[in-house]
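# What the coordinates show
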Amino acid sequence: MASDIPDIDPGDGEIADVHPPAGGHGAAIVAAACLSCAAAIVGPYCARCGQKNDDMRRSSFILFKDFVKDTFAFDSRMWKTLGLMAVAPGIVATSYSHGKRSRYTPPVRLFLVVSFLFFLDLGLTRTMFMALEVVPKTPAEIAADKAEFEEAIKAAGPETLAALEAARDGRAVDGVFVIDDQSIQCDINIRARFFVRPQDIEFDEQKWRSCAESISTARAEMEAAEKDASPDAGGAELTSSDIQGAFERVVAGVNLMVSNPAAFNAEINAWLPRVMFFMAPVLALIMAMFIRGRDALLFDHIVLSLYSHATGFAIIGAAILLGQFGVPYVFPVAIAAFGAYFIAALKRAYRRGWVKTVYSAAFVSFLYLIVLASIVGIIISNQIWRAAA
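Residues numbered from 1 in each chain as written. Predicted model: local features only at pLDDT ≥ 70, side-chain atom pairs only at ≥ 80, totals over all residues. Heavy atoms only, no water.

### Some thoughts on the packing of aromatic side chains
- Under the counting rule described, the total for this entry stands at twelve aromatic pairs.
- Relative to Tyr-307, the ring of Tyr-96 has its centre 6.3 Å away and its plane inclined at 80°; by these criteria the two rings are edge-to-face. With Tyr-96 in helix H3 (residues 91-97) and Tyr-307 in helix H11 (residues 298-323), this residue pair connects regions lying 211 residues apart in the sequence.
- By relative accessible area, Tyr-307 is classed as buried at 3%.
- Both rings, one in Phe-195 and one in Phe-331, keep their centres 6.0 Å apart while their planes meet at 15°; by these two values the pair is stacked. Taken together, the residues Phe-195 in strand E5 (residues 188-196) and Phe-331 in helix H12 (residues 330-350) connect sequence positions 136 residues apart.
- Sitting over the ring of Tyr-96, Arg-101 keeps its end group 5.6 Å from the ring centre. (Phe/Tyr/Trp six-rings, centres within 6.5 Å; stacked < 30°, edge-to-face > 60°. Helix = DSSP H or I, 4+ residues; strand = E, 2+ residues; numbered from the N terminus. Buried < 20%, exposed > 50% of the residue type's maximum accessible area, 1.4 Å probe, protein only. Lys NZ or Arg CZ within 6 Å of the ring centre and 35° of its normal.)

### Examining the packing of helix H4 (residues 107-124) against helix H10 (residues 261-290)
- Between H4 and H10, the shortest axis-to-axis distance is 11 Å and the interhelical angle comes to 150°. By the angle between their axes, H4 is roughly antiparallel relative to H10. By crossing handedness, the relation of H4 to H10 is classed as right-handed. Along the contact surface, H4 presents Phe-111, Leu-112 and Phe-119, while H10 presents Leu-272, Pro-273, Met-276, Phe-277 and Ala-280.
- Within the contact of H4 with H10, the residues separate by chemical class into eight nonpolar, no polar and no charged. (Axes fitted to C-alpha atoms, helices over the stretch in contact; angles between N-to-C directions. Parallel < 35°, antiparallel > 145°, perpendicular 65-115°, else oblique. Left-handed = near helix turned anticlockwise from the far one by under 90°. Contact = heavy atoms within 4.5 Å. Nonpolar A, V, L, I, M, F, W, Y, C, P; charged D, E, K, R; others polar.)

### Observations concerning the pattern of salt bridges
- Overall, the coordinates contain two salt bridges when judged by the stated rule.
- The partner of Glu-133 in a salt bridge is Arg-191, and the shortest N-O contact between them spans 3.3 Å. Residue Glu-133 is found in strand E1 (residues 128-136), and its partner Arg-191 is found in strand E5; the two are separated by 58 residues along the sequence.
- Its relative accessible area of 3% is what places Glu-133 among the buried residues.
- Glu-133 is the partner of Arg-193 in a salt bridge, and the nearest nitrogen-oxygen pair spans 2.9 Å. Note that Arg-193 is positioned in strand E5 and Glu-133 in strand E1, a separation of 60 residues in sequence.
- By sharing partners, the salt bridges in this structure join Glu-133, Arg-191 and Arg-193 into a single network. (Salt bridge = Lys/Arg side-chain N within 4 Å of Asp/Glu carboxyl O.)

### Here's the deal with the side chain of Thr-81
- Inspection of the secondary structure puts Thr-81 in helix H2 (residues 76-87).
- Setting aside its immediate chain neighbours within four residues, Thr-81 contacts Val-92, Arg-103, Tyr-104, Thr-105, Leu-110 and Tyr-307.

### Focus: a nonpolar patch on the surface
- A grouping of Phe-116, Leu-117, Leu-120 and Leu-124 is seen on the molecular surface, where their side chains present a nonpolar patch of about 400 Å² in accessible area.
- Tracing the backbone through its elements, the reader meets Leu-120 in helix H4.
- Look at Leu-120 and you get partly exposed, because its relative accessible area is 39%. (Patch = residues over 30% accessible without salt bridge, like charges linked within 9 Å, V, L, I, M, F, W, Y side chains within 5 Å. Areas by Shrake-Rupley, 256 points an atom, 1.4 Å probe, with all protein chains shown as cover.)

### Let's talk about the nonpolar core
- Ranked by internal contacts, the top residues of the largest apolar core, which has 59 residues, are Phe-118, Met-287, Leu-304, Tyr-307, Leu-346, Tyr-350 and Ile-380.
- The greatest single-element share of this core, amounting to eleven residues, is contributed by H10.
- In contact with Leu-304, not counting residues within four places along its chain, are Ala-93, Met-287, Ala-345, Leu-346, Ala-349 and Tyr-350.
- Membership of the second largest hydrophobic core comes to five residues, among which are Cys-34, Ala-39, Ile-41 and Cys-46. (Core = buried A, V, L, I, M, F, W, Y, C linked by side-chain atoms within 4.5 Å.)

### Digging into the side chain of Thr-357
- Among the structural elements, Thr-357 can be located in helix H13 (residues 354-387).
- A distance of 2.7 Å separates a polar side-chain atom of Thr-357 from the backbone oxygen of Gly-353.
- Those residues in contact with Thr-357 that sit more than four places away from it in its chain are Ile-343, Leu-346, Lys-347 and Arg-352. (Polar contact = N/O pair within 3.5 Å; in protein donor to acceptor, adjacent residues only side chain to side chain.)

### Considerations on the environment of Ile-379
- Within the element layout of this structure, Ile-379 appears in helix H13.
- Sequence spacing of Ile-379 and Ile-268 is 111 residues, and the spatial spacing of their C-alpha atoms is 6.9 Å.
- Once you skip the residues sitting within four places of it in the chain, Ile-379 turns out to touch Ile-268, Trp-271 and Val-275.

### Section: unusual backbone geometry
- Even without being a glycine, Tyr-329 presents a positive backbone phi close to 55°.
- Turning to its location among the elements, Tyr-329 is positioned in the loop between H11 and H12.
- The phi angle at Arg-351 is positive, at roughly 55°, despite the residue not being glycine.
- Exposure remark for Arg-351: the relative accessible area of 58% places this residue in the exposed category.

Right, here's the structure in full:
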């Protein structure tokens, strides 16, 4: 006859030999039997189900402290990982993806730690991702531009020359053009600079103001702008005033970008960490297009991509710090150093010949930069459009 005593789950019974952990957090429980499956246990993990023998019952402060420590602590594994990555590019990614994981810091954790330090470096040094320099053209540059313009007019043919002469009264020297009785005075050079401090930017405010105001007030003869554009079905009419308003709004946004680069970079700095986190899997997918094989699975590409991004953050972050001391050409050297590092990492990780490795690295880098530049361009364009809203 069956017993009336119900079956009892061994895990629900009383746990023998309950004692606080050696670390001494007080509320945590470590037992001689697994807290999940009640199997006999020796050590911190259960041999049957793999669960750590700790109920994690701690105060919120201690949990947060443990999370920060586990995520950002520079333990011996992290120092070993960083050192080996520096002297032997690609060896850590290859070893990790082929099962030797206990020796190294996991790629996601290293990526998060190094990227956090990189963006902290940007903030503390007040380094901007991108800024525009405005400097006046030299007389030689103005003369060269004028000569180039004259050559282009001659090469365009008599019909184009006649149409241009009918549309404008003439050209003035010293970089001043006259379009529909309005002078355009933009004898300036505009250069983009990356990872630069506000105090290192050259900005000729008078020249820029003169150029911006002359562009805003000039009216080029545009037949398409004089007529209402044909609206799409169900859409609103697009008039010349709409075009003029959009043009002036873009000019105003560029004016903010040039005159106040720190404020303009605030939005970019908010988006950049998210963009770079997104670019890690993008790089892995691009590598999968050019590097295939039994030892080049998508998992291998993702691991190498995360470690490579961490290395890039470390190299550029070091360049930012060196730039604070006025070290010349530090960023071109940093970019060249990372390029060489990436090639060496691909060579060691996938064991291909140098020709195939350089070929793959070139195409992977080219596509990666196109994607990154497109995303950053969209962010900058959106910021320019919103700046004058």
